[in-house]
Amino acid sequence: MTTETIISICLGIGLSASVGFRIFLPLFALSLANYLNVWELNESWQWIGSTSALILFGVATIIEIIAYYIPLVDNVLDSIAIPLATIAGTLVMVSTISELSPVFTWTLAIIAGGGTASAIKGTSSASRLTSTVSTAGFGNNILASIENIIALIMSVIAIVFPILAAILVLLILYVIFKLYKKIRKRSKN
């Protein structure tokens, strides 16, 4: 495995984690990076950097960000976002990996890309549900702002410093695991 392949895997993992917070923002960032020739995508995924894809992902990003500030719509989005995040995380990972066999690429994409995105999106959705119940939805805008900022920062870090992004993803997943264990322990008591 070459250094370029490892870096492309780290990029995919970082963007997949970002997909767990916002589905379209990392896709827009990847599209923009490819459009500006900052990052070269897998040969069959070059369409992501096209002008039409860039515009489409940009518009979808704006709509998604605004929608998370609308009461009740944010909860509806979360109910459909976990499977969408899993798919988007998988596709982001596939589009970035180079020089691997299709079987290994897709396996890695489903496990690392889709798994990372769904784990983070599941936690994010649970946080929004908790916020809705505990604050009657008034805390959801704060949560949406935090998620937007994290998605943006993770997307930029993944594109500029892919290895750092992969390390941050491991940290995020570790925190999620610890929180899950803590919540599970409380629910048993």
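Preceding this paragraph is the structure being described.
Residues numbered from 1 in each chain as written. Predicted model: local features only at pLDDT ≥ 70, side-chain atom pairs only at ≥ 80, totals over all residues. Heavy atoms only, no water.

### Quick notes on a nonpolar patch on the surface
1) Next: There is a patch of nonpolar side chains on the surface, built from Leu152, Val156, Val160, Phe161, Ile163, Leu164 and Ile167 and spanning about 640 Å² of accessible area.
2) Next: Put simply, the parts of the chain that give the nonpolar patch at least two residues each are α6 (140-160) and α7 (162-188).
3) Next: Position of Val156 relative to the elements: it lies in helix α6.
4) Next: Judged by relative accessible area, Val156 falls into the partly exposed class, the value being 44%. (Patch = residues over 30% accessible without salt bridge, like charges linked within 9 Å, V, L, I, M, F, W, Y side chains within 5 Å. Areas by Shrake-Rupley, 256 points an atom, 1.4 Å probe, with all protein chains shown as cover. Salt bridge = Lys/Arg side-chain N within 4 Å of Asp/Glu carboxyl O. Helix = DSSP H or I, 4+ residues; strand = E, 2+ residues; numbered from the N terminus. Buried < 20%, exposed > 50% of the residue type's maximum accessible area, 1.4 Å probe, protein only.)

### Overview of the packing of aromatic side chains
1) Next: Per the counting criterion, the structure on display carries one aromatic pair.
2) Next: Plain terms: the ring middles of Trp45 and Trp47 are 6.0 Å apart, the flat faces sit at 35 degrees to each other, and that makes the pair tilted.
3) Next: Taking the ring centre of Tyr68 as reference, the NZ or CZ of Arg22 above it sits at 3.8 Å. (Phe/Tyr/Trp six-rings, centres within 6.5 Å; stacked < 30°, edge-to-face > 60°. Lys NZ or Arg CZ within 6 Å of the ring centre and 35° of its normal.)

### Side note on the pattern of salt bridges
1) Next: Inspection of every chain in the model, using the stated rule, returns four salt bridges.
2) Next: In this structure, Glu147 and Arg22 form a salt bridge, with 3.0 Å as the shortest nitrogen-oxygen distance. Of this pair, Glu147 sits in helix α6 while Arg22 sits in the loop between α1 (3-19) and α2 (24-35), placing them 125 residues apart in sequence.
3) Next: Overall, Glu147 belongs to the buried group, its relative accessible area being 4%.
4) Next: For Arg22, a relative accessible area of 0% translates into the label buried.
5) Next: Residues Arg128 and Glu147 are paired through a salt bridge, measuring 2.3 Å at the closest nitrogen-oxygen approach. Within this pair, whereas Arg128 is found in helix α5 (residues 102-135), its partner Glu147 is found in helix α6, the two being separated by 19 residues in sequence.
6) Next: Residue class for Arg128 comes out buried when judged on its relative accessible area of 0%.
7) Next: In the salt-bridge network here, residues are joined through shared partners; they are Arg22, Asp78, Lys121, Arg128 and Glu147.

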